[in-house]
Amino acid sequence: MSLRRRMVVFTAAAAGFVVALSAVACYLAVRSNMRGRLDSQLRAQAALVSHAPAARFGRPRGSFRFAPRARLPRPSLQNQGDIALLSATGRVSKRPNDPTRFAVTARALAVARGQAKPSFYDAHIGSTPVRVYVAPAGAGRAVIVEQAVTSLNSTLHDLALILLAIAATGIALALLLGLLVARAAAAPVNALRRAAEHVGSTGDLSRRIGVSGTDDLARLGHSFNDMLEALEDSQRAQRQLVADASHELRTPVTTIRTNLEVFARNPDLDPEDRDPLLRDLIGESAELGALVEDLLESARDEDSREPFEEVALDALIASELERWSRRHPEAEIVSRLAPAVIHGQERRLQRALANLLDNAIKWSPPGGTIEVTLDGGTLSVRDRGPGFQAADLPFVFDRFFRAPSARTVPGSGLGLAIVRKVAEEHGGEASAENAPGGGARVSMALPAASLPPAPAPQQRQPAHAG
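Every value quoted in this text rests on a predicted model; they were computed, and no experiment measured them. (Residues numbered from 1 in each chain as written. Predicted model: local features only at pLDDT ≥ 70, side-chain atom pairs only at ≥ 80, totals over all residues. Heavy atoms only, no water.)

### Points about the sheet that holds strand E7 (residues 332-337)
Strand pairs in the sheet, formed through backbone hydrogen bonds, run parallel or antiparallel to each other.
Part 1 of the argument: Overall, mixed pairing links the 5 strands, which are arranged E7-E9-E10-E12-E11 in an open sheet. Among the strands making up the open sheet, the edge pair consists of E7 and strand E11 (429-434). Strand-to-strand twist across the sheet, computed as the mean angle between neighbouring axes with direction ignored, equals 15°.
Part 2 of the argument: With 5 bridges joining them, strand E10 (residues 378-382) and strand E12 (residues 440-445) adopt antiparallel strand pairing. Within the sheet, the bridge partner assigned to Ser380 lies in E12 and is Ser443.
Part 3 of the argument: Sheet strands in contact with helix H7 (residues 346-363) are strand E9 (369-375), E10 and E12, and its direction is about 20° off that of E10. (Pairing = 2+ DSSP bridges. Helix = DSSP H or I, 4+ residues; strand = E, 2+ residues; numbered from the N terminus. Axes fitted to C-alpha atoms, helices over the stretch in contact; angles between N-to-C directions. Contact = heavy atoms within 4.5 Å.)

### With respect to the pattern of salt bridges
Part 1 of the argument: Scanning the model with the defined rule gives 10 salt bridges in all.
Part 2 of the argument: Arg35 is paired through a salt bridge with Asp122; the nearest N and O atoms lie 2.9 Å apart. Of this pair, Arg35 sits in helix H1 (residues 3-50) while Asp122 is found in strand E3 (residues 119-125), placing the two residues 87 residues apart along the sequence.
Part 3 of the argument: Assessed through its relative accessible area of 46%, Asp122 is described here as partly exposed.
Part 4 of the argument: For the salt bridge of Arg348 with Glu425, the shortest nitrogen-to-oxygen distance reads 3.0 Å. Linking Arg348 in helix H7 with Glu425 in helix H8 (residues 415-425), this pair joins segments that are 77 residues apart in sequence.
Part 5 of the argument: Residues participating in the shared-partner salt-bridge network are Arg35, Asp39, Asp122 and Arg131. (Salt bridge = Lys/Arg side-chain N within 4 Å of Asp/Glu carboxyl O. Buried < 20%, exposed > 50% of the residue type's maximum accessible area, 1.4 Å probe, protein only.)

### Some points on the sheet that holds strand E1 (residues 82-87)
Part 1 of the argument: A sheet is described by the order of its strands in space; here 5 strands give the open sequence E2-E1-E5-E4-E3, paired in antiparallel fashion. Here the strands that pair on one side only, and so sit at the sheet edges, are strand E2 (92-93) and E3.
Part 2 of the argument: The sheet contact formed by E3 and strand E4 (residues 128-136) spans 7 bridges and is antiparallel. Counterpart to Ile125 in the pairing with E4 is Thr128.

### With respect to a negative patch on the surface
Part 1 of the argument: A cluster of acidic residues, Asp270, Glu272, Asp273 and Asp275, forms a negative patch on the protein surface.
Part 2 of the argument: Mapping Asp275 onto the fold places it in helix H5 (residues 271-298).
Part 3 of the argument: The class for Asp275 is partly exposed, based on a relative accessible area of 33%. (Patch = residues over 30% accessible without salt bridge, like charges linked within 9 Å, V, L, I, M, F, W, Y side chains within 5 Å. Areas by Shrake-Rupley, 256 points an atom, 1.4 Å probe, with all protein chains shown as cover. Lys, Arg positive; Asp, Glu negative; His and termini not counted. Charge placed at Lys NZ, Arg CZ, Asp CG, Glu CD.)

### A short note on the nonpolar core
Part 1 of the argument: Within the largest apolar cluster, 36 residues are counted, with the highest numbers of intra-cluster contacts made by Leu313, Ile317, Leu349, Val372 and Leu379.
Part 2 of the argument: At the level of elements, helix H6 (313-327), E7, H7, E9, E10, H8 and E12 are the ones that each hand at least two residues to this core.
Part 3 of the argument: Looking at this core, the element that brings in the most residues is H7, giving 8 residues.
Part 4 of the argument: Among all residues touching Leu379, those that are not within four sequence positions of it are Ile317, Leu353, Leu356, Val372, Thr373, Leu374, Val442, Ser443 and Met444.
Part 5 of the argument: Counting residues in hydrophobic clusters, the runner-up holds 16 residues, among them Leu86, Ala108, Val111 and Tyr121. (Core = buried A, V, L, I, M, F, W, Y, C linked by side-chain atoms within 4.5 Å.)

Shape descriptors only; they carry no functional weight alone.
Written out as structure tokens, the structure is:
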């Protein structure tokens with residue numbers, strides 16, 4: 001069953017139940033009111049007879065008949081019922097020439113014998129339904145009053161038909177209104193379905209659905225549009241990554257292939273010509289390997305399975321600086337590291353720091369000092385190079401962005417993009433600026449789990465080569 005059909009059925013069922021319940025309650029209330037008024041009238045007639053002076057009934061003899069002059073009192077009520085006296089033996093004493101038949105039951109006899117309290121009951125005289133009331137009227141007798149209820153039953157029957165028609169009309173209207181409501185309510189869902197089918201069949205993520213209002217369905221529509229936008233951005237970034245990677249891979253692959261072709265055509269190449277080609281092959285291979293590694297790191301899923309743990313960031317940086325001093329003995333690195341502990345992934349943080357140091361060493365002039373500072377969870381690396389061009393600053397963390405001045409420098413354009421990604425994965429941010437006095441400063445601010453008291457700044461100057 002479709003959502004619209006379920007909504008129509010449930011809405012109509014709920015409305016129909018309410019209408020039917022209201023009709024039944026109305027019928028029962030009217031019926032109770034009409035029968036209550038009839039019972040009050042019968043009780044009033046019986047009370048007039050029961051409290052009438054005994055002399056007015058004469059002295060019954062033998063069969064408990066009225067004396068010739070006896071007259072039952074006739075109450076001054078409209079729609080009076082028929083009235084008689086009932087003996088304990090079941091003999092009914094009526095007015096003279098009264099042809100009325102009375103429905104005498106065991107309950108009525110029990111009242112006449114003083115064995116039961118006054119009571120009402122329903123009975124039939126032939127095919128005529130009657131309402132009967134019996135009340136004590138002295139020792140060994142009772143007054144019995146009955147009223148035909150044909151007219152009352154007919155009125156209740158007509159009322160039941162009217163209420164049934166009203167209920168049927170109400171249910172039909174509920175079905176119609178339920179259909180309209182379901183159509184309106186299901187419109188956003190149908191729009192979502194059509195959009196999902198369009199995306200599934202065409203792969204086009206640019207389609208959006210129109211959303212208005214602030215209800216749950218409207219919020220669902222906004223969420224769906226946000227999801228499509230995120231998927232579109234992800235797809236665009238993926239395509240851009242593939243395009244940029246293809247462009248970046250083309251140069252080293254072409255160079256390697258060209259050099260190999262030269263070797264293939266000239267197996268006996270002179271050493272003076274062969275050595276530069278070999279060095280070129282080794283350099284291009286190293287650059288290709290670094291590029292592939294950067295691509296894998298850049299395309300890495302942010303939801304890494306590697307758990308976060310407490311990392312002493314100052315100790316991690318000190319260890320990485322020691323390793324880099326051995327790899328680049330010509331570089332002079334000055335560090336000021338305040339103790340800081342963060343929740344993070346040690347391997348990812350090492351990669352970000354390596355990229356920061358690699359970027360600084362790449363741009364530092366010979367004899368230039370690289371400053372590494374850790375203060376309050378913020379890691380900054382400053383070089384003494386030319387700094388950033390003002391027009392390039394907004395793009396330095398973009399994938400594969402390389403300033404015109406960096407086109408001749410080895411690199412993939414992914415190093416700082418990975419730094420920003422690592423910072424954001426750890427709940428921080430990356431920033432770049434031109435430092436006062438020259439050079440560039442690239443920072444990575446991370447939320448610290450704890451900040452122990454900072455010791456006095458330390459400085460390390462590795463020995464220069466030579």
